[in-house]
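Descriptive analysis of the structure
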Amino acid sequence: MPWLIKSTPEAPVPLAERLFFVHVPRCGGTSLMQHFSVPQKVVDARGPIKAAAMKYFFMRYKTLESANFPIKTRENGACAVLLVASAALYYMEVELPTLFGASLALWIGAIAIFVSLFTTIVCTAPVIGRITPVHRWYLWFVHYPLFRLCEAVDWCTGTNKTGYIMHLTAPKLLGYGYVKPEEMDGMCSLAIVRNPYSRMVSIYGYNRFGAGESFPAFLRRWRKLMTPYIERGEKEEWYTPCHLLPMFEYTHHDGKQLVQSVVKQEELKLLKTREGAKEAVKLDNTVSDLPDLVRDALLGMPHTNSRKTSAKWYDLYDQETMNLTYEMYARDFDVFGYSTAIEQRPDLVPPKKSRRSLLGDMKYDRFSRNSLAGPDGLRISQANLFGSVTNSVRTDMRRRCSATALKSSLIELDKDEILAKVAGVRHFSTVRETFHEDSMDVFDESNGAGVGSKKDD
């Protein structure tokens, strides 16, 4: 997640047999990571310190799938033990060293309380994803003070200043150099999408500030958070957290589909068993259009991160929330072929497309379950497309980190960009090298451009 099948020195895999997963948030893709044992493979490929950091990252990620503000956690269990020990030492009047005038027992108790509150309240999806100063602090913290211990660029998972790497869009993965254009052109890639209305309810469940925050109130606040994207098209994590982005931003760039196969979550039921998939191929062309590697990967995929709710997702909607959801994610309906009506709610009037929306949709490809297949079924190279997307993203990166951009930000008092520069988000540290078994790519982070590639001897 996103690499499901990749080549390693220990187990080489031909490019055509590698499978990459572009993970659209809240579309059920986390199950694929577990299905392919990606966390264990990532941990096994690292030294003791990085392995421990990644193990904690995956544990924390799984914890936050089950609760917005988790209480029954390992962190809180350890903090409870430390708090009891601190109280015992304090009331037993055991002589301990002091620090800044306070006994060690009090320090232990204070640290336990801080860690408990920090992991239970601050480091959670609602706070990091919805409170902008905390979100930006998090991007800086995991990249610099934590020395990028929680990133696994080789597997495209973990986290750093670019955000959650497993939730990067296809254009970002190419532009940041995490996936090479020739890899994208030769491998199989997959994304899962879902009905935008049901996805919005899933986003609400994952990001709300507790049960007291109603669905209408959440959507109004969510719309406000999307302002940088809606008004200026900002797709960087610094401005627009990954859960806010529409689904088409993960799979398309400038109207063209980059991901080879886009599958609707609603179709996964056709692939529960191999026998069922064979029958579905005969009856349903949406499954038969999939490349064999993708279809086999989805067979029997578990759905392990779903949260049980007492109400059906469509019961949460009224006319206002329906219109708000459509306003934010209108293009998703058209690109992925979803109806603007909610079948189970005939009392609600489907939103109508504006003329501006209709004109914008004309340049976007409708999604395909095998976008690289030609009329004869053979794979067609899209190397030029992937190369142009890579250059486009890197050009924007160079522009943002240039001295001219900084000068402009200072003149215009653009606080967001000035802060990004100070936090190091606009800083590229000399050269990052990514080694592959057949080549060495050097990515010059000082200007965001690829500076060379040479074959190993």
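Residues numbered from 1 in each chain as written. Predicted model: local features only at pLDDT ≥ 70, side-chain atom pairs only at ≥ 80, totals over all residues. Heavy atoms only, no water.

1. Overview of empty space enclosed by the protein
Left-over empty space is what a probe sized like a water molecule reveals as it rolls over the atoms. For clarity, the threshold we go by: Grid points spaced at 1 Å and placed over the protein atoms alone form the basis of the search, with a cavity being a set where a 1.4 Å probe fits but cannot get out and a pocket an open set showing protein on both sides within 12 Å along at least five of seven lines. Lining residues have an atom within 4 Å of a point. Grid points are joined across faces, edges and corners, and a volume is the space filled by probe spheres set on the points. Helix and strand labels come from DSSP, where a helix needs a run of H or I of at least four residues and a strand needs a run of E of at least two; each type is numbered from the N terminus. Gly is placed with the polar residues, together with every amino acid not listed as nonpolar (Ala, Val, Leu, Ile, Met, Phe, Trp, Tyr, Cys and Pro) or charged (Asp, Glu, Lys and Arg).
Inspection of every chain in the model, using the stated rule, returns 1 cavity of 30 Å³ or more. The computed volume of the largest cavity comes to approximately 40 Å³. In this structure, the largest cavity is lined by Arg400, Ala405, Leu406, Ser409, Glu417, Lys421 and Arg426. Elements with a contribution of two residues or more to the lining of the largest cavity: α20 (403-412) and α21 (415-423). Residues of the lining of the largest cavity, tallied by class, amount to 2 nonpolar, 1 polar and 4 charged.

2. Observations concerning the side chain of asparagine 195
What counts, and what does not: Buried, partly exposed and exposed residues are distinguished by accessible area as a fraction of the type maximum, computed with a 1.4 Å probe on protein chains only: under 20%, between the cut-offs, and over 50%, respectively.
Relative to the helices and strands, asparagine 195 resides in the loop between β8 (188-193) and α10 (196-207). Overall, the relative accessible area of 15% leaves asparagine 195 in the buried class.

3. Considerations on the sheet that holds β8
Within a beta sheet, neighbouring strands are joined by backbone hydrogen bonds and run either parallel or antiparallel to one another. Stated formally: Only strands joined by at least two bridges in the DSSP assignment are considered to pair. Axes, fitted as lines to C-alpha atoms, cover a helix only where it is in contact. Angles between the N-to-C directions of the axes lie from 0 to 180 degrees.
Overall, mixed pairing links the 4 strands, which are arranged β1-β2-β8-β11 in an open sheet. Looking at strand neighbours, the two that pair on one side only are β1 (3-5) and β11 (261-264), the edges of this open sheet. Strand-to-strand twist across the sheet, computed as the mean angle between neighbouring axes with direction ignored, equals 30°. Relative to β11, β8 is paired through 4 bridges, and the arrangement is parallel. Across the sheet, residue alanine 191 finds its bridge partner in β11, namely valine 262.

4. Quick look at a nonpolar patch on the surface
Applicable threshold: Note that patches include only residues with greater than 30% relative accessible area and no salt bridge, and the join distances are 9 Å for like charges and 5 Å for nonpolar side chains (Val, Leu, Ile, Met, Phe, Trp, Tyr). Here the open area of atoms and residues is found with the Shrake-Rupley method and a 1.4 Å probe, where only the protein chains shown may cover a residue. Basic side-chain nitrogens of Lys or Arg form a salt bridge, by our definition, when they fall within 4 Å of a carboxyl oxygen of Asp or Glu.
Taken together, the side chains of Leu99, Phe100, Leu104, Trp107 and Ile111 define a hydrophobic patch exposed on the protein surface, amounting to about 530 Å² of accessible area. Among the elements that make up the nonpolar patch, the one with the highest residue count is helix α5 (residues 104-122) (3 residues). Relative to the assigned elements, phenylalanine 100 resides in the loop between β3 (98-99) and β4 (102-103). On the basis of relative accessible area, phenylalanine 100 is assigned to the exposed category, the value being 77%.

5. Focus: the environment of serine 66
What counts is decided by this rule: Any pair of nitrogen or oxygen atoms within 3.5 Å is treated as a polar contact; in protein, a donor-acceptor pairing is required on top of that, and neighbouring residues in sequence qualify only through side-chain atoms on both sides.
Tracing the backbone shows serine 66 in helix α3 (residues 48-66). In sequence terms serine 66 and lysine 308 are 242 residues apart; their C-alpha atoms lie 9.7 Å from each other. A distance of 2.6 Å separates the side chain of serine 66 from the backbone oxygen of threonine 63, its partner in a polar contact.

6. A short note on the pairing of β8
By the criterion of burial, β8 is predominantly enclosed, with 6 of the 6 residues buried. Here β8 shows a buried face lined by Cys188, Leu190 and Ile192 and a second buried face lined by Ser189, Ala191 and Val193. With 4 bridges connecting them, strand β2 (residues 19-22) and β8 associate as parallel partners. Paired with valine 22 across the strands is alanine 191, a residue of β8.

7. Considering the nonpolar core
What counts, and what does not: Put simply, a nonpolar core is a bunch of buried Ala, Val, Leu, Ile, Met, Phe, Trp, Tyr and Cys residues held in one set by side-chain atoms that sit within 4.5 Å of each other. By definition, residues are in contact when any of their heavy atoms lie within 4.5 Å.
If you look at the biggest cluster of nonpolar residues, it comprises 107 residues, and the most contacted ones within it are Leu32, Met200, Trp222, Leu298, Tyr317 and Phe336. Tallying contributions element by element places helix α17 (residues 319-335) first for this core, with 8 residues. Apart from residues no more than four positions distant in its own chain, leucine 298 is found in contact with Leu32, Leu190, Ile192, Val263, Leu268, Leu271 and Leu290.

8. A short note on unusual backbone geometry
Of note, the phi angle at glutamate 93 is positive, near 55°, even though the residue is not glycine. Residue glutamate 93 is classed as exposed on the basis of its relative accessible area of 68%. In this structure, phenylalanine 100 takes a positive phi of about 55° despite not being glycine.

9. Points about the packing of aromatic side chains
Which entries qualify depends on this criterion: Here a pair means two rings of Phe, Tyr or Trp (six-membered ring of Trp) with centres within 6.5 Å. Their orientation is stacked below 30 degrees between planes, edge-to-face above 60, and tilted elsewhere.
Scanning the entire structure with this criterion turns up 21 aromatic pairs. Look at tyrosine 204 and phenylalanine 215: their rings are 5.1 Å apart centre to centre, the planes differ by 65°, and that puts the pair in the edge-to-face class. Here phenylalanine 215 lies in helix α11 (residues 215-225) and tyrosine 204 lies in helix α10, a separation of 11 residues in the sequence. Summarising the burial analysis for this pair, tyrosine 204 and phenylalanine 215 share the class buried. Look at tryptophan 313 and tyrosine 317: their rings are 6.2 Å apart centre to centre, the planes differ by 90°, and that puts the pair in the edge-to-face class. Judged by relative accessible area, which is 25%, tryptophan 313 ranks as partly exposed.

10. What to know about the pattern of salt bridges
Counted under the stated rule, the structure contains 22 salt bridges. A salt bridge links arginine 26 to glutamate 65, with the nearest nitrogen and oxygen atoms 3.2 Å apart. On the criterion of sequence distance, the pair formed by arginine 26 in the loop between β2 and α1 (30-35) and glutamate 65 in helix α3 is long-range, its members being 39 residues apart. For arginine 26, a relative accessible area of 11% puts it in the buried group.

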